Amino acid sequence: MTATGDRNNCGEPRKFDPTFKGPVYNRGCTDVICCILFILALLGYFVVGILAWSQGDPRKVIYPTDSSGQFCGQVGTKLEKKPFLFYFNIMKCASPLVLLEFQCPTTQICVEKCPDRFMTLKKAYKNELDKKYYSSYCKEGADLSSWNLLNILKGRLCPAMLIPSRPFSHRCFPALKKNDDGVIVVGNRTTFQDGSETTNSTDLLEGAKSSMKVRELRMVAMKIFEDYTQSWHWILLGLVMAMIFSLIFIVLMRFLAGIMIWIMIFLVIAVIGYGIFHCYLEYSRLKFEPGANITIRDLGLQTDFSVYLEIRQTWLAFLIILCILELVIVLLLIFLRKRILIAIALIKEASRAIGYVMSSLFYPLLTFALVALVIAYWAVTAVFLSTSNEAIYKVFNETECPYSRDTCDPKTFNTSNASSACADAQCLFAFYGGETYYHKYLIFLQFYNLFLFFWCANFVTALGQVTLAGAFASYYWTYKKPEDLPAYPIFSSLGRALRYHTGSLAFGSLILAIVQVIRVLLEYLDHKLQGAQNKFAKFLLSCLKCCFWCLEKFIKFLNRNAYIMMAIYGKSFCTSARDAFFLLMRNIIRVAVLDKVTDFLLFLGKLLIVGLVGIISFLFFSGRARATMDSGFTLNYYWVPILTLIVGSYLIAHGFFSVYAMCVDTLFLCFLEDLERNDGSMERPYFMPENMLKILKKNNQGKTVE
């Protein structure tokens, strides 16, 4: 009757047991060694966090740093009113050492504002007002009134000249522009003198370019941060909207599961269809726009991502992707139309179960809070670890010097051998590093932080899965529903999971975390080998990435079903995983027919909510809605809040729909167990309701046709 394969290879079916009434309450602790290991790992994680917080300083990421290692614009310091970094000689930034050491070999000081005029030090000595203005761009303690010009220049206390500059990422860069003839000028000049030699404006351009390269990503990050500060309340409102949409959809599914599924299918097709229509309109609109036919490859990498929306190829790519997605969904619906009817019946039963265990709808909030706590701890620890280095000073010089790039101490540099041997040498801040034991093993602490992040995040997810599985299994294995349903099934299941199965959850999470870390390492190697010419190495790396991706998906699937069996029988992780795998293999046809089709339908539900929130956010943040103009805020990248809302709404929808998915998977495994234990007779009646029996009959009819 059922094509289940060789039973000897897939274990023996469950036998009838008149005493079995659902989740076993008389159980013991499982995988104790893994529990102890997990607790020790967490204690080590806390130690790493304490070390990072005591050594790190996030100000190194936020504020620019002068040649003395002080932070420009930091609140509560003497440089609070000096937020901009000024370079004495920006042309020194054209050196290749800038890209190697992330520091220009020239004196840098914090200033209140960037210079807005041409002026040389020689000219400043001719006028008291100019001298006062010029002194604001000199080192602290430099007295232009009492010191002569030669001593000032020899001690490098002031720059040789000032040029008009603009603040860019809190740094002063030459105000470069092109005149009508296309010539690069600075303040309408192409050349200028600093008192001793003539400088070309293109030389300044090279210096500015080199300095900007190492700060370009930070500039993008700061703009994104500014966008978040401008739009965070609207993003929060959008996330609340996604939560309301998800909750309304789930509540309606409780009473109108069949109708809601078909409405959902129609709306998903309609939302994607609107996306196709909009992409076509944008593609047609740019047809006669100048410069819109340039390719993405010719455009290259741009920090202003809105530029890509002004070329036709971008909208063509979106159009093709959405058309393929629409076609795939329509074809799946056509070929799976009979199985969708069966899956809808299973979802109806899941809706009934959730209706009796309403507290399950709010459990994802606990999972979300715990995952957010894990992410926050990991992110804060990573930032503090990356900023826990000490300020390193090195010798910078213009002429030949045997001490060039050696480490130095600015406090004792004037009396050192480097200062006496090299007249033009300076001891300047170079970068953040360190030679202590702690700094040598900093990379291993970062790796430990990443590994524990995956382990803890997977543990929280596993805890949620086994908790929901225990509650829904209690519902299924109850004859009289809801009269015999245990009180507070969610809390009872959570208590059993934490008391008896912390080690098993840690074991399953550890296996998944190891695979995920390996995938991260493979991605890192792939990034490093992008410029390599060894095609065999690239091919091997791609194969490894594909294999570990498949392995991660399989382990997630196996873990999920193992946690269901663990919630029911209270056995160890390996035993539960084996029992779940054999049970599924004995009923492989039913797995393909019911379980995966319901997953597809629930995915469409997530897609619908993400699509609705995405369209609303796009119309709002792109300026196409009147409320945007009334709000009075402008964004650097309007796609930042849009992408944030899309990702956030997907996570919220996934949290709510994960309850349905876990309910379906739990009921499905209990359903298979029920078929093996019982035969529907008076002595061995099924626990499944009449609705589930109809699913079985339709399933069998479908296999007969096949």
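- Named according to an unreviewed UniProt entry, the protein is Choline transporter-like protein originating from Paramormyrops kingsleyae.
- The Sequence similarities (unreviewed entry) comment attached to the protein in UniProt states, word for word, "Belongs to the CTL (choline transporter-like) family."
- In UniProt, the protein has this text filed under Function (unreviewed entry): "Choline transporter."

## Brief notes about the overall build of the protein
Stage number 1. Scanning the protein for helices and strands turns up 23 helices and 13 strands.
Stage number 2. Relative to its 706 residues, the protein shows a buried fraction of 47%.
Stage number 3. Intrachain contacts of the protein at a sequence separation of at least 6 include 73% that bridge at least 24 residues.
Stage number 4. In the form shown here, the protein has an accessible surface area of approximately 36600 Å², with 64% of it arising from carbon and sulfur atoms.

## Focus: the packing of helix α17 (residues 502-528) against helix α18 (residues 535-569)
Between two packed helices, the angle of one axis relative to the other and the distance separating the axes together describe the packing.
Stage number 1. Packing of α17 against α18 leaves a shortest axis separation of 10 Å and a crossing angle of 165 degrees. Classified by the angle between their axes, α17 and α18 sit roughly antiparallel to one another. Seen from above, α17 lies across α18 with left-handed handedness.
Stage number 2. Residue classes in the contact of α17 with α18 are distributed as 15 nonpolar, 5 polar and 6 charged.

## Topic: the side chain of S474
Stage number 1. Structurally, S474 can be placed in helix α15 (residues 442-476).
Stage number 2. For S474, a relative accessible area of 6% gives the class buried.
Stage number 3. Leave out the neighbours within four places in its chain, and S474 touches P23, Y25, L485, P486 and R496.

## Examining empty space enclosed by the protein
Stage number 1. By the definition in use, this model includes 2 cavities of 30 Å³ or more.
Stage number 2. In this structure, the second largest cavity occupies an estimated 40 Å³ of space.
Stage number 3. Lining the second largest cavity, in full, are R27, V466, S493, R496, A497, H501, M566 and A567.
Stage number 4. Counting residues per element, the ones that place at least two in the lining of the second largest cavity are α16 (489-500) and α18.
Stage number 5. For the lining of the second largest cavity, a count of residues per class yields 4 nonpolar, 2 polar and 2 charged.

## Quick word on the environment of L325
Stage number 1. Relative to the elements of secondary structure, L325 occurs in helix α10 (residues 312-335).
Stage number 2. For L325, a relative accessible area of 32% corresponds to the partly exposed category.
Stage number 3. Between the C-alpha atom of L325 and that of I269, which follows or precedes it by 56 residues, the distance is 9.6 Å.

## So, the layout of surface pockets
Stage number 1. Put simply, the largest pocket is a space of about 1900 Å³.
Stage number 2. T461, Q465, K606, H654 and S658 are, among the 50 residues lining the largest pocket, the residues nearest its centre.
Stage number 3. Breaking the lining of the largest pocket down by element, the ones donating at least two residues are α8 (216-285), α12 (363-386), α15, α17, α18, α20 (588-621) and α22 (639-677).
Stage number 4. Per element, the largest residue contribution to the lining of the largest pocket is 13 residues, and it comes from α22.
Stage number 5. For the lining of the largest pocket, the residue count by class is 29 nonpolar, 13 polar and 8 charged.

## Side note on the pattern of salt bridges
Stage number 1. With the rule as written, the count across this model stands at 12 salt bridges.
Stage number 2. When the shortest N-O distance is used, the salt bridge between D116 and R117 registers 3.1 Å.
Stage number 3. E128 is the partner of K131 in a salt bridge, and the nearest nitrogen-oxygen pair spans 3.5 Å. Highlighted residues: K131 and E128, both in helix α5 (residues 128-135), separated by 3 residues, approximately one helical turn.

## Examining the pairing of strand β6 (residues 171-174)
Stage number 1. Judged by which residues are buried, β6 turns out to be covered on both faces: R171 and F173 on one side and C172 and P174 on the other are all buried.
Stage number 2. Where strand β5 (residues 165-168) and β6 come together, 4 bridges link them in antiparallel fashion. Considered in β6, the bridge of R166 is made with F173.

## Things to note about the nonpolar core
Stage number 1. Counting residues in hydrophobic clusters, the biggest one holds 116 residues, and the most contacted among them are M264, W455 and L601.
Stage number 2. Once residues within four sequence positions are removed from consideration, W455 is found in contact with L37, F38, A41, A506, S509, L510 and A513.
Stage number 3. Counting residues in each nonpolar core, the second largest holds 20 residues, with V111, Y133, L144 and C158 among its members.

## What about the pairing of strand β2 (residues 108-111)?
Stage number 1. The alternating pattern of β2 places Q108 and C110 on one face and I109 and V111 on the opposite face, and all of these are buried.
Stage number 2. Sheet topology note: the strand β1 (residues 84-87)/β2 ladder contains 4 bridges and is antiparallel. In the sheet register, F84 faces β2, and the bridge partner there is V111.

## Examining the environment of C138
Stage number 1. Mapped onto the elements of the fold, C138 is located in the loop between α5 and α6 (149-154).
Stage number 2. Under the relative-accessibility criterion, C138 is labelled buried at 7%.
Stage number 3. Residues in contact with C138, not counting those within four places in the same chain, are F88, I109, L144, L157, C158 and P159.

## Observations regarding the state of the cysteines
Stage number 1. Across all of its chains, the model carries 3 disulfides by this definition.
Stage number 2. The disulfide bridge from C72 ends at C110, spanning 1.9 Å between sulfur atoms. The disulfide joining C72 to C110 has a torsion of about -75 degrees about its S-S bond and is therefore left-handed. Here the residue C72 occupies a position in the loop between α2 (59-62) and β1, and C110 occupies one in strand β2, the gap between them amounting to 38 residues. Both residues of the pair, C72 and C110, count as buried.
Stage number 3. Across the disulfide from C114 sits C172; the S-S distance is 2.1 Å. An S-S torsion of about -85 degrees defines the bridge between C114 and C172 as left-handed. Remark: C172 occurs in strand β6 and C114 occurs in the loop between β2 and β3 (119-120); sequence separation between them is 58 residues.
Stage number 4. A residue is classified by how much of its surface remains accessible, and C114, at 10% relative accessible area, is buried.

## What to know about the packing of aromatic side chains
Stage number 1. The tally for this structure, following the rule as stated, stands at 21 aromatic pairs.
Stage number 2. Aromatic pair F668 and F671: ring centres 6.4 Å apart, planes at 35 degrees, arrangement tilted. With F668 and F671 both in helix α22 and 3 residues apart, this pair spans about one turn of that helix.
Stage number 3. An aromatic cluster of three or more residues is present, and its members are Y45, F46, W53, Y377 and Y448.
Stage number 4. Here R117 stacks its cationic end above the ring of Y133, 3.8 Å away from the centre of that ring.

## Focus: the confidence of the model for the protein
Stage number 1. Of all residues in the protein, 78% attain a pLDDT of 70 or more, and the chain-wide mean is 77.
Stage number 2. At the level of individual helices and strands, the protein shows its lowest average pLDDT in helix α3 (residues 97-101), which scores 40, and its highest in helix α1 (residues 32-55), which scores 91.
Stage number 3. Low pLDDT, under 50, characterises residues 95-102; the predicted model gives this stretch 22 contacts beyond four residues in sequence or across chains.
Stage number 4. Low confidence marks residues 701-706, where pLDDT is under 50. Its contacts with residues over four positions away, or in another chain, come to 5 contacts.

## A short note on α22
Stage number 1. In this model α22 runs 55 Å from its N-terminal to its C-terminal C-alpha over 39 residues, within 8% of the 57 Å that 1.5 Å per residue would give.
Stage number 2. The principal kink in α22, of about 35 degrees, is found at F657.
Stage number 3. By the criterion of burial, α22 is predominantly enclosed, with 31 of the 39 residues buried.

Scoring rules and cut-offs
Residues numbered from 1 in each chain as written. Predicted model: local features only at pLDDT ≥ 70, side-chain atom pairs only at ≥ 80, totals over all residues. Heavy atoms only, no water. UniProt positions renumbered as here; feature names shortened; annotations may be inferred. Helix = DSSP H or I, 4+ residues; strand = E, 2+ residues; numbered from the N terminus. Buried < 20%, exposed > 50% of the residue type's maximum accessible area, 1.4 Å probe, protein only. Contact = heavy atoms within 4.5 Å. Areas by Shrake-Rupley, 256 points an atom, 1.4 Å probe, with all protein chains shown as cover. Axes fitted to C-alpha atoms, helices over the stretch in contact; angles between N-to-C directions. Parallel < 35°, antiparallel > 145°, perpendicular 65-115°, else oblique. Left-handed = near helix turned anticlockwise from the far one by under 90°. Nonpolar A, V, L, I, M, F, W, Y, C, P; charged D, E, K, R; others polar. 1 Å grid on protein atoms, 1.4 Å probe; cavity = no way out; pocket = protein on both sides within 12 Å on 5 of 7 lines; lining within 4 Å. Points joined across faces, edges and corners; volume = space filled by probe spheres on them. Salt bridge = Lys/Arg side-chain N within 4 Å of Asp/Glu carboxyl O. Pairing = 2+ DSSP bridges. Core = buried A, V, L, I, M, F, W, Y, C linked by side-chain atoms within 4.5 Å. Disulfide = S-S within 2.5 Å. Phe/Tyr/Trp six-rings, centres within 6.5 Å; stacked < 30°, edge-to-face > 60°. Lys NZ or Arg CZ within 6 Å of the ring centre and 35° of its normal. pLDDT = per-residue confidence, 0-100. Expected span 1.5 Å × (residues − 1). Bend = angle between axes of the 7 residues up to and from the residue.

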